[in-house]
Structure formats: structure tokens, C-alpha cells
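Observations on the model geometry
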Amino acid sequence: MLPDRTLPVVTIHEPGMTEYTMRALRASRLRSAEIVFRTPFAAEAVSVASHKFPDMAIGAGTIVNEAQCRDAIAAGAKFIVSPGFSASIARLCEREHVDYFPGCVTPTEMMAALDFGITTVKFFPAEAYGGIGAIRALSAPFPQLSFIPTGGIGRHNMQEYLNFDRVVAIGGSFLVQEALAAWEKRA
């Protein structure tokens, strides 16, 4: 599970940026990172981050198939995040004892996640699918679910999400941008 209520969404475009980015996150007291599998360096970044920063919860995001999931887990990912629900990813994560946070915005997707015993889902893209109002509405028929909203979250609305007890964390790339800006300012 995540160590705090924030999940920085990290994109590594160059292999050498992993350690720098993780140091900036840690200096900003952020203790987790979802490294997205949208660049050729993602698996390497997960490996570097999980080995050099064992005090942080390092996961892999934008996982859209079982092969990516296997690569992420082999690289050391402690959790997997996907933009939608995948039964094959859910089964693999269950076998490997790795937390899986699938993207779920409809009741059907949430029921599928619950069928696999998943009780924390990514709500993505949060703002496009109704934001905190939609999460509140979906919480009524699904009292066993918790949410990690991402997509359209920023300083301007993060507290509104965090004030709702069913939101266990918020995610976004804005957390990385802020951490990097603060890190560069200190340097």
C-alpha cells in the first residue's frame, strides 16, 4: 500500500534522470512514485528507483498488458497501476503478491475489481469523469471501495479530494514538477 496520501506520477525520459527525480521527491517528503511505462526507460527506472531508494514505495503505472506487468514486477515494482481494469493483470499481481490499482470509473469496472478482491481503485481521469462528485456518488453502492483519483488533480483541487474519507491518496505529475522545482531551487 502507499505510505502517504500522495502518489507522484513520474515519467522518465532519460535513464540518468531517475535518481535525480527520486532524490527530489524524497527531499519534498514524498515517499512513493508511480513510474509510468510510456517511455523505453521505464523498466530501468523502476529498477534503479527500487534498488537505490528502498525507503520509498516504487510502483509502475500505465501498465496496459500482462507483459508490461511482468517486466515491472521483475524490475522491482511494489505496486501496479493501470488506466483501466485488466483481469490478466489482476491475476498476475495476485500470484506475485503485488498490489494492483486498476483504473475504474464505471460500476461495471468496479464490480470486476471487487470480484478479484481489489478494494482500492484508481479513478482516472478523475476530473473528466465527474471529479469528487462522481466518487461520492459511486461510494454509496460500493462502500468497500477506496479511491486514488488522478487526472486533472492539482493544488487547486487536491484538498477537496483528500477531505473525502474514501480517497486514500491523490495522484498527479504536478507533485513531481513541484518537487523538481524545489530541488533545483535548493541547488
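Relevant structure appears above.
If you're wondering where the values come from, they're calculated on a predicted model, not measured in any experiment.

One can expect most non-glycine residues to show negative phi and most peptide bonds to be in trans. Between Phe 124 and Pro 125 the backbone carries a cis peptide bond, its omega angle lying at -10°. Positionally, Pro 125 belongs in the loop between β6 (120–123) and α6 (131–139). One non-glycine residue with positive phi stands out, namely Thr 62, at about 55°. Secondary-structure assignment places Thr 62 in the loop between β3 (57–61) and α3 (66–75). The buried category is assigned to Thr 62, whose relative accessible area is 16%.

Summed over the entire model, instances satisfying the criterion amount to five aromatic pairs. Ring centres of Phe 85 and Tyr 100 lie 6.4 Å apart, and the angle between their planes is 40°; on these two criteria the pair is classed as tilted. Linking Phe 85 in the loop between β4 (79–82) and α4 (87–96) with Tyr 100 in strand β5 (residues 99–102), this pair joins segments that are 15 residues apart in sequence. For Phe 85, a relative accessible area of 23% corresponds to the partly exposed category. Grouped by ring-pair contacts, the aromatic residues Phe 85, Tyr 100 and Phe 116 constitute a single cluster. Directly above the ring of Phe 124 sits Lys 122, whose terminal nitrogen or CZ lies 4.4 Å from the centroid.

Counted under the stated rule, the structure contains seven salt bridges. The partner of Arg 31 in a salt bridge is Asp 4, and the shortest N-O contact between them spans 4.0 Å. With Arg 31 in the loop between α1 (17–27) and β2 (32–36) and Asp 4 in the segment before β1 (6–10), the pair connects residues that are 27 residues apart, well separated along the chain. The residue Lys 52 makes a salt bridge to Glu 19 at a minimum N-O spacing of 3.0 Å.

What follows covers the environment of Lys 122. Tracing the chain through its elements places Lys 122 in strand β6. Distance from Lys 122 to Met 17, taken between C-alpha atoms, is 26 Å for residues 105 residues apart in sequence. The residues contacting Lys 122, other than those within four sequence positions of it, are Glu 34, Val 81, Ser 82, Phe 101, Pro 102, Gly 103, Cys 104, Ile 148 and Thr 150.

Time to look at the nonpolar core. Residues Met 22, Leu 25, Ile 35, Ile 80, Phe 123 and Ile 170 are the most contacted members of the largest nonpolar core, which totals 57 residues. Here this core takes five residues from helix α8 (residues 174–186), the largest share from any one element. Residues in contact with Ile 35, not counting those within four places in the same chain, are Val 10, Ile 12, Met 22, Ala 42, Ala 45, Val 46, Ala 49, Ile 58, Gly 59, Ala 60 and Gly 61. Among the nonpolar cores identified, the runner-up in size contains eight residues, and Leu 2, Leu 7, Phe 101 and Ala 169 belong to it.

Moving on, we come to helix α2 (residues 42–52). Among all positions of α2, only Ala 42, Ala 45, Val 46, Ala 49 and Ser 50 are buried. On an axial view of α2, the arc spanned by its buried residues comes to 120°, and they lie on one face. Where the residues of α2 are buried, they touch α1, β2, β3 and α3.

A few words now on empty space enclosed by the protein. Inspection of every chain in the model, using the stated rule, returns one cavity of 30 Å³ or more. Put simply, the largest cavity is a space of about 30 Å³. Leu 7, Glu 34, Val 81, Phe 101, Lys 122, Ile 148 and Thr 150 together form the lining of the largest cavity. In terms of residue class, the lining of the largest cavity is built from four nonpolar, one polar and two charged.

So, how was this worked out
Residues numbered from 1 in each chain as written. Predicted model: local features only at pLDDT ≥ 70, side-chain atom pairs only at ≥ 80, totals over all residues. Heavy atoms only, no water. Helix = DSSP H or I, 4+ residues; strand = E, 2+ residues; numbered from the N terminus. Buried < 20%, exposed > 50% of the residue type's maximum accessible area, 1.4 Å probe, protein only. Phe/Tyr/Trp six-rings, centres within 6.5 Å; stacked < 30°, edge-to-face > 60°. Lys NZ or Arg CZ within 6 Å of the ring centre and 35° of its normal. Salt bridge = Lys/Arg side-chain N within 4 Å of Asp/Glu carboxyl O. Contact = heavy atoms within 4.5 Å. Core = buried A, V, L, I, M, F, W, Y, C linked by side-chain atoms within 4.5 Å. Arc of directions from axis to C-beta. 1 Å grid on protein atoms, 1.4 Å probe; cavity = no way out; pocket = protein on both sides within 12 Å on 5 of 7 lines; lining within 4 Å. Points joined across faces, edges and corners; volume = space filled by probe spheres on them. Nonpolar A, V, L, I, M, F, W, Y, C, P; charged D, E, K, R; others polar.

Interpretation note: all reported values are geometric properties and have no functional meaning in isolation.
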